[in-house]
Amino acid sequence: MYQHSPRRRQLLGGALALPLAGMGGTAHAAPSRPLQVGGLPVTCNLTLPIACKARAVADGKPDAAFTAFEYTKFSGWPEIKESLMTGRIQAAYMLAPLVMDLTDWRIPLKIVSLGHRSGAVIMVRTDSPYRKFADLRGKSIAIPSRFAVDYLFLRKMLAREGMSAKDIQIIEMAPPDMPAALYARAVDGYCTGEPFGAAAQRAGYARPLSMTRDQWRNYICCVLTVRQELIDTNRPLVQDLVNHVQAAGTWLDAGPANRDKAALIAANRKFFNQDPNIIRFVMQNPLDRVTYGDLRMLRAEFDELMQLSVQAGNLKRPVRYEQYVDESFVKNIRKVEVAL
């Protein structure tokens, strides 16, 4: 997932970047073309479709796929990474450590907002004897990638038990394949983001062994990332996007009714194209399985994530916070209404 040639991609970026002229000059002026914001159909990215829908409603176009910005669905992080690196898209939800690494290679990206907190789980079969994390010693555990933040969560749990990655068998697997692999007993457990844990739990054959909501409360993985040239050329549009993402997070955590609405919105073909009942299950079991209301960007939390990534070998060296984060948009948030 993480293999790339950043210097080559950086050169390509100048040639392939989309022109930004005519993308609007004020926060609520619709650009001549929408800003495509890449995302995956996962609940850690849920604030994005809510932000897009809220913006469309505010513009009096509730059924529009976009107004100033639109959700663009990708199938995996490699595709999003390549599209951002080459400039085919100017904004996306990305894995925070991946952004750190890319900026260390001088790819001009900045994190401008969080997208969520928590949302990763370690799942085992309902009929398994595993009751605590230490019971997984010697067992096979699937992860999306050794470069995913889910893997950092797994490593954090291993360290708490005085274990290392050598004490379990780690298998890299696409998250959509994990529930079936657990059902077939091809693995003893898996660690990933939602809704792939909830899908197996709702089906009745799996249960959470560990959840970030309990073990790593300030866990973050998906962050809103934009290319520097978009910031330089159209700050109002970036600010408008951040305003709506942050407002979407507040709205999502305002009550169960909003989470029910969010499940229906995200399930739409324009967005995740998933069973709304699975998304709703994530939203309700428990209510803080994934949280969205606190989207503050705190240096200490990013520093911890960066250090964990260095220890895991995902980063070659520490990366300065200012190199990959632009706090100015969060600091200048303007309240917007989410009327859904």
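Okay, so let's go over this structure.

Scoring rules and cut-offs
- Residues numbered from 1 in each chain as written.
- Predicted model: local features only at pLDDT ≥ 70, side-chain atom pairs only at ≥ 80, totals over all residues.
- Heavy atoms only, no water.
- Helix = DSSP H or I, 4+ residues; strand = E, 2+ residues; numbered from the N terminus.
- Buried < 20%, exposed > 50% of the residue type's maximum accessible area, 1.4 Å probe, protein only.
- Areas by Shrake-Rupley, 256 points an atom, 1.4 Å probe, with all protein chains shown as cover.
- Pairing = 2+ DSSP bridges.
- Axes fitted to C-alpha atoms, helices over the stretch in contact; angles between N-to-C directions.
- Phe/Tyr/Trp six-rings, centres within 6.5 Å; stacked < 30°, edge-to-face > 60°.

1. Re the overall build of the protein
Working step 1: Looking only at helices and strands, the protein has 15 helices and 12 strands in total.
Working step 2: Going through the 340 residues of the protein one by one, you find that 58% of them count as buried.
Working step 3: Only carbon and sulfur atoms are counted for the fraction: they give 51% of the accessible area of the protein, which is about 13500 Å².

2. Quick notes on unusual backbone geometry
Working step 1: In this chain, Glu194 is followed by Pro195 through a cis amide linkage whose omega measures 15°.
Working step 2: Within the secondary structure layout, Pro195 lies in the loop between strand S9 (189-193) and helix H7 (196-203).
Working step 3: Cis geometry is adopted by the peptide bond preceding Pro286, which originates at Asn285 and carries an omega value of -10°.
Working step 4: Its place among the elements puts Pro286 in the loop between helix H12 (276-284) and strand S12 (290-291).
Working step 5: With a phi close to 70°, Arg106 is a non-glycine residue in the positive phi region.
Working step 6: Structurally, the position occupied by Arg106 is in the loop between helix H4 (96-104) and strand S4 (109-114).
Working step 7: The exposed category is assigned to Arg106, whose relative accessible area is 52%.
Working step 8: Here the phi dihedral of Arg185 falls at roughly 65°; this positive angle occurs in a residue that is not glycine.
Working step 9: Here Arg185 is to be found in the loop between helix H6 (178-183) and S9.

3. Topic: the environment of Lys270
Working step 1: Checked against the element boundaries, Lys270 lands in the loop between helix H11 (256-267) and H12.
Working step 2: When the C-alpha positions of Lys270 and Tyr71 are compared, they lie 7.9 Å apart, and in sequence the two are 199 residues distant.

4. Some details on the pairing of strand S11 (residues 222-227)
Along any regular strand, the residues point their side chains to alternate faces of the sheet.
Working step 1: Counting buried positions over the six residues of S11 gives six, a clear majority of the element.
Working step 2: In S11, alternate side chains face the same way, and those of Cys222, Leu224 and Val226 on one face and Val223, Thr225 and Arg227 on the other are all buried.
Working step 3: Relative to S11, S4 runs antiparallel, the two sharing five bridges. Paired with Leu109 across the bridge in S11 is Arg227.

5. Here's the deal with the sheet that holds strand S1 (residues 35-39)
Working step 1: Ordered by their spatial adjacency, five strands build an open sheet running S2-S1-S3-S11-S4, and the pairing between neighbours is mixed. One side of each edge strand has no neighbouring strand; the edge strands of this open sheet are strand S2 (69-73) and S4. Sheet twist, expressed as the mean angle between neighbouring strand axes with direction ignored, is 35°.
Working step 2: Inspection of the sheet shows S1 paired to strand S3 (residues 91-95) by two bridges, in the parallel sense.

6. Comments concerning the packing of aromatic side chains
Working step 1: Summed over the entire model, instances satisfying the criterion amount to eight aromatic pairs.
Working step 2: Considering the side-chain rings of Phe153 and Tyr219, the 6.4 Å spacing of their centres and the 65° angle between planes classify their relative orientation as edge-to-face. Within this pair, whereas Phe153 is found in helix H5 (residues 149-160), its partner Tyr219 is found in the loop between helix H8 (212-215) and S11, the two being separated by 66 residues in sequence.
Working step 3: The interplanar angle of 70° and the centroid separation of 4.9 Å between the aromatic rings of Tyr183 and Tyr205 together place this pair among those described as edge-to-face. In this pair, Tyr183 sits in helix H6 while Tyr205 sits in the loop between H7 and strand S10 (206-211), placing the two residues 22 residues apart along the sequence.
Working step 4: Given the relative accessible area of 54%, Tyr183 is considered exposed.
Working step 5: Members of the aromatic cluster, joined through ring pairs, are Tyr71, Phe271 and Phe272.

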